Amino acid sequence: PVLLGCGSAQPGGCPALCECSEPARTVKCVNRNLTAVPPDLPPYVRSLFITGNPLTDLPAGAFPAQRLPDLASLNLSGNHLRTVEAGSLALPALRQLDLSGNALVSFSPQAFGEDGSPLEELALRGALRDHGVLLSLAALLQSGVLRNLSRLEMADNELLLLPAGMFTALPALRQLDLSNNSLVGLRNVSFQGLGQLQSLNLSDNSLGVLRNSTLAQFRSMPALRHIVLRHNTWVCDCAIEDLVAWLKESDQVEGKEALTCASPDKMLGKALLKINGSDMNCSVPTDLPSQLQTSYVFLGIVLALIGAIFLLVLYLNRKGIKKWMHNIRDACRDHMEGYHYRYEINADPRLTNLSSNSDV
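Reading the values: the criteria
Residue numbers run consecutively from 1 along every chain, following the written order of its sequence. Only residues with pLDDT of at least 70 are given local features in this predicted model, and only at 80 or more are side-chain atom pairs given and counted; all residues enter the totals for whole chains, interfaces and linings. As a rule here, side-chain values cover all heavy atoms of the structure and leave hydrogens and water aside. Each helix is a run of DSSP H or I of at least 4 residues and each strand a run of E of at least 2, with the numbering of both proceeding from the N terminus. The cut-offs for exposure are 20% and 50% of the maximum accessible area for each residue type, with area from a 1.4 Å probe on protein chains only; residues under the lower value are buried, those over the upper are exposed, and the others partly exposed. In what follows, a contact means two residues having at least one pair of non-hydrogen atoms within 4.5 Å. All accessible areas in this document rest on Shrake-Rupley with a 1.4 Å probe, and a residue is counted as covered only by the protein chains that are shown. Put simply, a patch holds well-exposed residues, over 30% relative accessible area, that have no salt bridge, with like charges counted together within 9 Å and Val, Leu, Ile, Met, Phe, Trp or Tyr side chains within 5 Å. When a carboxyl oxygen of Asp or Glu lies within 4 Å of a side-chain nitrogen of Lys or Arg, that pair is called a salt bridge. Multiplying 1.5 Å by the residue count of a helix minus one yields the expected span of that helix. Think of it as the arc spanned by the lines of direction from the helix axis to the C-beta atoms. A pair of strands is considered paired only if DSSP assigns at least 2 bridges between the two. Defined by distance alone, a disulfide is two cysteine sulfur atoms within 2.5 Å.

With an unreviewed UniProt entry as reference, the chain is termed TPBG protein, source organism Hypocryptadius cinnamomeus.

What follows is the structure, encoded as structure tokens:
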């Protein structure tokens, strides 16, 4: 018995550097200088905290599904995680996962396995600073493995643009937090398929305008009742007319009265709800790129039509053109023969004198 007690934690025991509460079914391994996930976690654990450690990698099988069948809440925030490998998070009962405050570089699209995950909440605050990991996350979300996801937090990541179609395979999503990034537009972002979305946080970004296509998506989402747009750099020129009209008619935006212009200088600080057409002198079409595209298409059609008519005229007048070309050829030949005759006269002195006497 003494020898058996000298080993590592027994099944149902607690890892050496962790604190465990079997009644609460909780294990905490906080600031313990761990470089790997403890292999002897008790099977009763439901809530696991491994935070503040120099943990850099989650390999496949880091959390064995057979050994941890009830693990529902996993907090891995504030570590030094860089890679999340395939199969590392394939847990049958996992509902909440927090990876915030890590410097992720690689996130396998198969991290949760290939058969689907029951995950409902995913927190990635400050963990997506690398562009490559953002693309990996987009592939993961688009794969349909996380169809039960209801809350996704992607704040504090300095994101400029989001991959197209990133959220289209999340039918159960209700809360989406994109705050405190550097988003400059939502042109590539599709909210189609998010019929359950209730809350969308876009505050503290660099949005200058929301296009009519995005606003149309918002109008078509009856469950979306809480949109946060504060602290963005709204550009109050003619392109913002659609946004202003939507704000005046919609009750989806929280605190819309506080939204103000960031530029141009003459509009600085002016409330968006108080803007009218006379303030901006919108005599030029607002959607210039589409107008220019339409103009180029029309110009191409006109030029093609003119070219076709020109070719048709040439074809119908081919005989007259051929005769005209022959006349020009004969005239040029006569002209050149005259030059040749004069050249022969000038080259022979006798002919030159004869020509002079003839002139006299």
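On we go from here.
J.: Where do I start with the overall build of the chain in this structure?
T.: Along the chain, the regular secondary structure elements total 8 helices and 16 strands. Buried residues in the chain amount to 37% of all 360 residues. Restricting the contact set of the chain to residue pairs at least 6 apart, pairs at least 24 apart contribute 59%. For the chain, the exposed surface amounts to about 20100 Å²; the carbon and sulfur share of it is 56%.

J.: Sorry if this is basic, but what is going on with a nonpolar patch on the surface here?
T.: On the surface, F310, L311, L314, I321, W324, M325 and I328 cluster together to form a nonpolar patch covering roughly 680 Å² of accessible area. Looking at the nonpolar patch, the elements with two or more residues in it are α6 (288-316) and α7 (318-347). Residue contributions to the nonpolar patch peak at 4 residues, all from α7. Positionally, M325 belongs in helix α7.

J.: Would you mind going over unusual backbone geometry with me for this structure?
T.: Where the residue is not glycine, phi is negative for most of them; where a peptide bond is considered, it is trans in most cases. Here the amide bond leading from S263 into P264 is cis, since omega sits at -5°, within 30 degrees of zero. Position of P264 relative to the elements: it lies in the loop between β16 (261-263) and α5 (277-280). Backbone geometry at N31 places phi at a positive 55°, although glycine is not the residue there. With respect to the element layout, N31 can be found in the loop between β2 (26-30) and β3 (47-51).

J.: What am I meant to see in the pattern of salt bridges here?
T.: When charged atoms on two side chains of opposite charge get close, those side chains can pair. For the structure shown, the criterion picks out 10 salt bridges. Notably, a salt bridge pairs D251 with R225, separated by 2.8 Å at the nearest N-O pair. Of this pair, D251 sits in the loop between α4 (241-249) and β15 (253-254) while R225 sits in the loop between α3 (212-219) and β13 (226-228), and the two are 26 residues apart along the sequence. According to the relative accessible area criterion, D251 is exposed, its value standing at 54%.

J.: I keep staring at helix α2 (residues 131-142) and nothing clicks. Help me out?
T.: At 3.6 residues per turn, the α-helix brings residues three or four places apart onto the same side. For α2, with 12 residues, the first-to-last C-alpha span of 17 Å sits near the 16 Å given by 1.5 Å per residue. V133, L134, L137, A138, L140 and L141 are the residues of α2 that are buried. The arc that holds the buried residues of α2, viewed along the axis, is 160°, so those residues lie on one side. The secondary structure elements touched by the buried residues of α2 are β8 (106-107) and β10 (151-153).

J.: What is the right way to look at the sheet that holds strand β5 (residues 73-75) in this model?
T.: Strands sit in the order β1-β2-β3-β5-β7-β9-β10-β11-β12-β13-β15 across an open sheet of 11 strands; the sheet is mixed. Both edges of this open sheet fall to β1 (19-21) and β15, since each of them pairs with a single strand only. For β3 and β5, the ladder comprises 3 bridges, and the chain directions are parallel. Opposite S47, over in β5, you have S73 as the bridge partner.

J.: Just to check I follow, could you spell out the state of the cysteines for this structure?
T.: By definition, a disulfide links two cysteine residues through a covalent bond between their sulfur atoms. In total, this model carries 3 disulfides according to the counting rule given. Each sulfur in the disulfide pair C18 and C29 lies 1.9 Å from the other. Here the disulfide of C18 and C29 is right-handed, its torsion about the S-S bond being about 105°. Here the residue C18 occupies a position in the loop between α1 (2-5) and β1, and C29 occupies one in strand β2, the gap between them amounting to 11 residues. The buried category is assigned to C18, whose relative accessible area is 10%. Here C29 falls in the buried class, since its relative accessible area comes to 0%. With its sulfur 1.9 Å from that of its partner, C236 forms a disulfide with C261. Because the sign of the S-S torsion sets the handedness, a value of about -95° for the bond joining C236 and C261 places this disulfide among the left-handed ones. One end of the pair, C236, is in the loop between β14 (234-235) and α4; the other, C261, is in strand β16, and 25 residues separate them in sequence.

J.: I'm lost on the pairing of β3 in this one. Help?
T.: For a regular strand, side-chain orientation follows a simple rule: the groups alternate between the two sheet faces. Of all 5 residues in β3, 4 are buried; the element is thus mostly enclosed. For β2 and β3, the ladder comprises 5 bridges, and the chain directions are parallel. Each residue of the ladder has a partner; that of K28, found in β3, is F49.

J.: Could you clarify how one ought to interpret the environment of N31 in this entry?
T.: Taking relative accessible area as the criterion, N31 reaches 58% and is therefore assigned exposed. For the pair N31 and N79, spaced 48 residues apart in the sequence, the C-alpha separation amounts to 9.1 Å. Ignoring anything within four residues of it in the chain, the contact list for N31 reads T51, G52 and N53.

J.: Please explain the environment of L55 as it appears in this structure.
T.: Along the chain, the position of L55 falls in the loop between β3 and β4 (57-58). Using a relative accessible area of 0% as the deciding quantity, one classes L55 as buried. Taking C-alpha positions, L55 is 5.7 Å from L81, a pair spaced 26 residues apart along the chain. In this view, L55 contacts L34, T35, A36, V37, I50, N79, H80 and L81; residues no more than four positions away in its chain are not counted.

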